[in-house]
Protein chains: 2
Amino acid sequence: MLSYNGQTPELEQWSFTETSFNPLAQGKCESVMSLGNGYMGLRSATEEAYIGGTRNLFVNGTFNRFDELEVTELPNAADVTQIELLVDGRRFSLETGDTADYERTLNLRDAELTRSFVWRSPDGKRIRFEFRRFVSKDDLHLIGMKLRMTPLDEGITLRLTSGINAQAANSGSQHFHEGEKRIFDKKYLQLVQTTTESKVDFVLSALHRFLIDGHPFEPALQMEIERRKMEMAYRMELKAGQTLELHKLVQVHTSRDADVEAAGDLEKLRAHSLEALKKAESAGYDGLFERHRQAWAEIWSRYRVEIESAHRFDLLALRFAIYHMTVMTPVHDRRMGIGAKGLSGEGYKGHSFWDTEIFILPFFIYSEPSVARTLLEYRYLGLEGARKKAEENGFRGAMYPWEVAWPSDGEVTPVWGAVDVVTGKQTKIWSGFIEQHITADIAYAVWHYYKASGDQRFMDDYGYEMIFDTAVFWASRLEWNEEASRYEINGVIGPDEYKEHVDNNAFTNYMAHFNLLLAIQYYDELKDRDPQLLERLESKLGLERGPQEWREKADAIYLPQPDGRGIIAQDDTYLQKQELDLTPYKSQAKVGTLFQDYSLDQVNEMQVSKQADILMLFYLLENRFAPELKRANYDYYEPKTLHDSSLSFSTHSILASDFDDKKLAYELFRRAAEIDLGPHEHSSDAGIHAASLGGIWQCVVMGFAGIRMLDGALHVHPKMPDAWERLSFPLFWKGTKLQFNVTKERMEISADTQEEIELVIYGKKMSFQGRLQFELMHI
Amino acid sequence: MLSYNGQTPELEQWSFTETSFNPLAQGKCESVMSLGNGYMGLRSATEEAYIGGTRNLFVNGTFNRFDELEVTELPNAADVTQIELLVDGRRFSLETGDTADYERTLNLRDAELTRSFVWRSPDGKRIRFEFRRFVSKDDLHLIGMKLRMTPLDEGITLRLTSGINAQAANSGSQHFHEGEKRIFDKKYLQLVQTTTESKVDFVLSALHRFLIDGHPFEPALQMEIERRKMEMAYRMELKAGQTLELHKLVQVHTSRDADVEAAGDLEKLRAHSLEALKKAESAGYDGLFERHRQAWAEIWSRYRVEIESAHRFDLLALRFAIYHMTVMTPVHDRRMGIGAKGLSGEGYKGHSFWDTEIFILPFFIYSEPSVARTLLEYRYLGLEGARKKAEENGFRGAMYPWEVAWPSDGEVTPVWGAVDVVTGKQTKIWSGFIEQHITADIAYAVWHYYKASGDQRFMDDYGYEMIFDTAVFWASRLEWNEEASRYEINGVIGPDEYKEHVDNNAFTNYMAHFNLLLAIQYYDELKDRDPQLLERLESKLGLERGPQEWREKADAIYLPQPDGRGIIAQDDTYLQKQELDLTPYKSQAKVGTLFQDYSLDQVNEMQVSKQADILMLFYLLENRFAPELKRANYDYYEPKTLHDSSLSFSTHSILASDFDDKKLAYELFRRAAEIDLGPHEHSSDAGIHAASLGGIWQCVVMGFAGIRMLDGALHVHPKMPDAWERLSFPLFWKGTKLQFNVTKERMEISADTQEEIELVIYGKKMSFQGRLQFELMHI
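Not measured: the values here are computed from a predicted model. (Residues numbered from 1 in each chain as written. Chains lettered and ligands numbered in written order. Predicted model: local features only at pLDDT ≥ 70, side-chain atom pairs only at ≥ 80, totals over all residues.)

1. Notes on the UniProt feature "active site" (unreviewed entry) in chain A
Residues and elements named next belong to chain A. Following the UniProt record, one finds the feature "active site" (unreviewed entry) at E497. For E497, the location among the structural elements is in the loop between β24 (486–488) and α10 (506–529). Contact partners of E497, with chain neighbours within four places excluded, come to S431 and K610. (UniProt positions renumbered as here; feature names shortened; annotations may be inferred. Helix = DSSP H or I, 4+ residues; strand = E, 2+ residues; numbered from the N terminus. Contact = placed C-beta atoms within 7 Å.)

2. A look at the environment of B:G397
Residue and element names in this part refer to chain B. With respect to the secondary-structure elements, G397 resides in the loop between α6 (383–392) and β21 (416–419). Distance in space between the C-alpha atoms of G397 and L543 is 9.7 Å, their sequence separation being 146 residues. With near-sequence residues (within four places) excluded, G397 lies in contact with A390, D469, T470, V472, F473 and S476.

3. Thoughts on the domain arrangement of chain A
Residues and elements named next belong to chain A. Here chain A is partitioned into domain 1 (2–269 + 282–302) and domain 2 (307–736). With centres defined by C-alpha atoms, the gap from domain 1 to domain 2 works out at 36 Å. Listed by partner, the interface residues are 38 residues for domain 1 and 41 residues for domain 2. Of all the secondary structure elements, the ones that give two or more residues to the side of domain 1 that touches domain 2 are α1 (26–32), β3 (35–36), β4 (40–42) and α2 (266–302). Here the element with the most residues in the side of domain 1 that touches domain 2 is α1; it accounts for 4 residues. When grouped by side-chain class, the residues that make up the side of domain 1 that touches domain 2 number 18 nonpolar, 15 polar and 5 charged. (Domains from an automatic or database assignment. Nonpolar A, V, L, I, M, F, W, Y, C, P; charged D, E, K, R; others polar.)

4. Focus on unusual backbone geometry
Residue and element names in this part refer to chain B. A positive phi angle, near 50°, is found at D88, a position not held by glycine. You can call D88 partly exposed: it has 16 C-beta atoms within 10 Å. With a phi angle near 55°, H643 is a residue other than glycine that sits in the positive phi range. Tracing the backbone shows H643 in the loop between α16 (627–637) and α17 (648–658). Judged by C-beta crowding, with 21 C-beta atoms within 10 Å, H643 ranks as buried. (Buried ≥ 20, exposed ≤ 12 C-beta atoms within 10 Å, placed from the backbone.)

5. Thoughts on the interface of chain A and chain B
The partner chain B presents 41 residues to the 41 residues of chain A that form the contact. If you list the elements that add at least two residues to the side of chain A that touches chain B, you get β13 (180–184), β17 (220–226) and β21 (416–419) of chain A. When the residues that make up the side of chain A that touches chain B are grouped by side-chain class, the tally is 16 nonpolar, 13 polar and 12 charged.

6. A look at the sheet that holds strand β6 (residues 83–87) of chain A
Residues and elements named next belong to chain A. Sheet architecture is open: 5 strands sit in the order β7-β6-β12-β18-β17, paired in antiparallel fashion. Edge positions in the open sheet fall to β7 (90–91) and β17, since each of these has one partner strand only. Bridging between β17 and strand β18 (residues 229–238) involves 7 bridges; their strand directions are antiparallel. Residue pairing in the sheet places M223 in a bridge with M232 of β18. (Pairing = 2+ DSSP bridges.)

7. Regarding the pairing of strand β27 (residues 724–733) of chain A
All names here are of chain A. The sheet contact formed by strand β20 (residues 306–309) and β27 spans 4 bridges and is antiparallel. Note that in β27 the partner of E308 across the bridge is R726. Both β27 and strand β28 (residues 736–743) contribute to a ladder of 8 bridges, which runs antiparallel. Counterpart to L731 in the pairing with β28 is L738. Counting the residues that bridge the hairpin from β27 to β28 gives 2 residues, and of these K734 lies at a positive phi of roughly 50°.

Put into C-alpha cells, the structure is as follows:
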C-alpha cells in the first residue's frame, strides 16, 4: 500500500506515498502522514469523508475532562479539513467511479501532504484532482489547504461545502461547550468554543478563496449555521479544461497561547484571530507555504542525518522519526509535554509517559538540548502533581504519575481497558497505581541531560530538586523485609506490563537504587559547591534525614543477581511461571492477539512479556552489566517477549548492538522502523508511536554509532550494519555541536568549536580539537 | 424515489417503498420509515453505514441537558442498528458494485421495515440481501433485526461486526457517561449508561443468533470493547446458495420505566434486562414478530379508516399519519409528551409544543380518548413548570413554556437559531420568551377533550385547575391601554413566527379571551355543582379576586375586528408593512429559502407570514367568524404565507373546506400529506413533522367529513373531495364509538351502543339511536 520511493527524484528518501486508497485502512495514512508543528497536530484525514475515517485536530496542552468518571485528555477540536464535493449532484468519493494515478504523499522535507489522482465519475467524466495541505512551522497557528480540480472531458456543476465542524468529539466524549459561530462579511468564519471543565477557549477562524485558471472568482454562496457547525456551500460551473483552485486558510488559537498577548482576553483573542487570518489572506497560500518550507529547511539543516544503505528505507525511516518528533513536540512551551501518540490520534489521550524521558528525550539531548531542557522543565512543573500523588498514596516526596496531562494534576491513567475474554468485563489497568519506575526514569533523564549538556543552571534551578524529591519518594516507598534483611519494592508493575503486582521487579529496584545514589552524590557535591542552594532545597523538601536515610536504604536495597545460567529474574516469581509457546502470536502482525485467547490474569501467570524489561535495564545502566550477561538474558527473554509494546524492538536492537550481534541489531531496527511506517495497515490507527520514533533514532545513534553517555563521559563504539556504507549525524555534547561521519572503515568527528573535546573510543579515553578520525574495529 | 404502490397487492395503501438508494438523501427514509412504539423510537438508518446517515434511538421522557448553555433534550441512546459486513475483505456498500431489485419498504400494517436487493460485489459476486426490523408494540423494550444473505454465484468469506455503539451523540453533544460494558457468556452484550445531568440509567442488552439454511450455527468470534463501544466480530464462509440468517435482539430499559419494578435499582434493572433478553431468545425472532404483528392488528382495528379515492396516495397518507402518531405517542406513561419530530430525529430536541394540543390531540380525542387524557395529564404535571415560568416572568398563574421537556421544568426553547444573512450571527429565537398563546391553546385543548369525551372526572382532577390557572396567567398578563381604554397583549409572537414583538396579535388576544371566558363559565358552573371542589381550587390557586378580575378583563380585551375589506389584522402593524412578491420562494420545495436573502429582522418588517395565523383562529373558534370573512382573509393572507411551518397547509385546507372550496381544500390536503411522505428529499431530515401528521387526519375528519365540536355539540358538515368515492372512520363522542361512513351521496353514522346520540347535521340538531343515514348536500 505504501511506496517508499520518492515522489520525485529529489524527494527520494524524503517522502513516501500511498499508491491506492484503502477505505478499510484509513487510520494508517491519517496517522503516519499527520501534520503538525508542536503547537497543534492535524490528522491527515481525506477532505471528502469516508466511513471509517477519523478527523483530529489537537492543540497541545489544552486538556479537558469530560466527566468525573473519565480522565483528562487532549480534546479533539473542531474539524476544518472536511470538504464535500458534489459533482453534477453526486457526492465525489473514491469508492465510486474509477480512479487513476492515485498518489497520497507525505513530503517530509517540506512537511507537506499532497494527494492527486484522476477520477472518472460514475457518469464517465474525468476530473483531475490535486490536494495540498500544511500546518505551518512558520506561523504556529496556521493551517493551509489547497484544492485544484480540472474537468478533463466535459464541464461539470460543482457544489463545494466547507466550513468548521465542531460536532467532532473524542470517540463520543464531547469536550466543548457549543460556543459561538459567526460569519463576517459573508467570508470569514469564526468559531469560539470553551472546554467544559478546564475552561480553555478555542478560537478558529477560516476563509475560502477561489480562482479559476488563476483568476480570482466568487462563486454563488449559501451560508449555513447548524448545531456545532458552520458551512459555506458554493455552487459553480466548470468548463472542460478549466482549473478551479480553492485555498482554505485557518487560524487556530487558544487561551493557553503563550505567544499571543491577547490570549487571556477572549474578545481580544477573537479579534486577533480574525486579524491574523486577514494577514494570512494578504500573504496568500503560496507565500505562506514558502515561509513554512523555509522553516522546515532550517530544521533539517539542524537535524541533518545521512545514511547510505543498501536499503533506502533506512534513511527514510530515520527522517520519518525526526519529522514526527518535530511535529509532536511543544518546543514553544514548557507547560506541556509529548503525548504517547504525539498529536496524531486519540490514543493514550495526549498523556505523557516515560516514553518521553527514556525514548524521545535522548534525541533532543543530543540534537537540540534546549528542547530537552524544555521537556524536563515540564516535569519540573509536574513535581506538583507528583507530590500530590505521593501524598495520596501515603508516601513522601515526588511520585510521578504513570500518565500525566496537566502538570499540576496527579495520576491520569485510565482505569479500564480492553475486554477480558474470560469475564467479558473490561480489564482493570493497574499502571496508574503501581507502575512506579517512572519516578526513577525521570531522575535518570535529568542526570542524562545534565551530563550530556553540562547545563548547570538547569540543575540549580530544577534538576537537583527533582532528583532529591524523587529520592525522598523512593526512601519512603521501600519496604523492609526483616527475614531477608533487605529493602524491597513489592506489588509493582515493571516495564513489562503483562506482569502485575510483582515483587522486586529488577528494573524498578535497580532504577530506584540508581535514583538514591544520584541524590546522595549530588547532595554531597552541593554541600561543597553550593551550600546555600542545598540549604534552600533542604528546607523546601524537608531533607533533614534525607541523605542518611538514602545511604542506609540504598545500601540495603535488594538488587536481583544472575542465577547459575546468568539469568536475572525479571521479578521474584517470573522464572517459576509456566512457559507458553508464543510462535502463533509472534507470527501475527497485530499486537495483543494473545488476549483473544487468554485474560490478563492468566497471562500474568505465564513467562510471557509484553516488552523488554530487564533488557531495558541493561541499556540504561549499561556499564553495570557484562555483555555475556546481556546475551544470555536476551536469549532467555526474547522468545518470551511478544513486543506488544512499541518500546520493545528498539531496545532489543540497541542491546543486540551492545552484545555485538550486528545482524540481529539491524533486523530489530527494521522491525522498530516498520511499527508505523511499515506495511501493517492498522498499527497506527490510534496514532503514531512516539516512543518508537525516538527508539529508531536511538537504534541508529546509540546502537549503530555506539554513542553512549557513561559516568558523564561520551563513549563511542560504532557497530555499523553491514548494509550501510555511511552514516552521518550531528550530536551536541556539553554545548558543542559535533558532526559524526561513519563509513564502513572509519569514523570522523568534527566539532564546531576549537575547544578540547574529551571522549572514550572503544573504551579508551581520548581528546581532540576540531576533528578526529579513527578506523573502525571490525567485529 | 418513493413508490406509493404496495409492496405486495395485499399491502396496497399499507406500504411505501424506496426503489433506489440515494446516499445524498438518507434522512428521508430514516425519518419517514422510522419505527417506534411510544416508549422508544428508532430512526431507520441502514445497517451498513454511509456518510450522511444519522442513527437515532430515543427513549421517551429521558431528557438530559449537556451543559448549562444548552437546553435539555432527548438524548440519542447507543446505536444497535449498525452492522458492518466485509465480503471477501471488502466493506459491503451500495455505493460500490451494482445493485438490482432494490426495495426498502415500510409496511405500516405490521410496522415492519424491510430492505432487499441483489448486490453484485466489485469482484462480480452476486449476493441476495434481505433485512427486516421491528420495534415491538407487544414488548415495549424489544428491538428485533433480521438479516438474510445468500451468495448466488460463488462462495464468500464474511466478516460481520455488530454490537452496541455509544459513541453516538446529539450532533456532537454527548449526554451519557461512558458507562459499563460487559459481555456475558461470550454472547450477551450489555451496556449500562447514565445521563450526565438528569441521571437516567439506560440498560441495553443485545444478542446475535446465526443460522445457515435454517440450522443454528456458531461462527468464529472476536470480541472487542473499545471506548463507548462493544462489538462482536464474526467470521464465516458461505457457499453459493447457502443462506445465512442473523437475528439480533435488543432489550432497552431505563430507570424511568414505569412498567418495570426493577427500574429504580440499577443492579436489578441490569438483571431484569438480561433476563428479558434471554426470554426473548427463547421466543425467537419469528415468534416475537408475530406478537408484534398482532398488537398492530389490534391498533389498526381500533383506528380503522378507509378512503376510496381516485388517488390511492390519500389513504396511504392517512395511514402514514396514524402510524406515526402511534409510534411517537407515549400512551404508556403520562410523565412524558410528544416531541415535535416524534421520536424520529433530533429536530426540536424531543420537546413538546402546541403541536400536541392543537394538531395531534384531536386525533386521540376522537379515536382513543384515554390517550388524549394521558397527554393532557402530562400538561397537568406541567403546571409546575408553567407556574415557574410565570413567576420568572413576573406573572401569576400558569404560563406554559413554549417548549417543554421535563414537566417540572420551565421554558426550554433554545435561544439561538440559523444564520442571519445580514449580521452573520445566529438569529435569536424569541419564542421561548414571547410566544405566549400556547397557554390558551392548552386551555382550549382541555375544553375540547372535556366537551368531546364528557370526562368529568378528568375535569375535577385536573382540567378545572388548568383552566383556572391559565386564566389567572392571562389576567396578570393583560396590559391596560389607558388611551384606548382597553386591555392589550403587546410584544408577542403569534402563530406566525416571522413576526416578532408584535402588539395585539389577533390569535393571541382572541384565545386569551376564550381562556378567560372558559374560566368564568366553569367557575360559575362549579359554584353550583361542586362548591367543595371550587373551594379547594380557590385556596390552592388563590382565586379570591379571580372570577371578578376575569370578567372585567375579558370584557375589556381588545379583539381586532375586520376592516372595510373584511380583513382582520394579524397584529397592530402587519397591514402597514411592505409587501414582497413571494413567488420565487413559494416555488421552492425547501422551506426557509427566504432567509438566504433576508434576515429575520428584515422579514419582520414585511407582510410575509411563516404560517397560518389568523386563519388558525378561524378554525379553532370557528363559529365566531362567518364563512365570507374566512374566504376574504384567506385570499388576503394566503399569498403572503410561505407555509414554512408544517402546521400551515392542513389549517388552510380545513379552512378551505369551511368556506366550501373543495378543490382548494383537497389540493392543500395533498400538500400537507406530502410534507413528509412526498417527494421532497430533505424535508424530513431532522425527523417527521408530528403536528402535520395530526393535521392530515384533521383535514380528513374535520375538513372533508366536516366534523366539529362547537359549543359542546358534535357538528357534521361533510365536504367530500371530488376524487373520493368513500370515506370511513371511527369517532368517539362522549364515550360512544361512532363509525362514520361517507360516500358521494350519503353519510351513515353507526354507534356501538343504543344510547341516544345528539348531533348537529348541516347546522340542524338531530338525535338517533344505533344508526343514522342522511343524504349529502352538494356545494
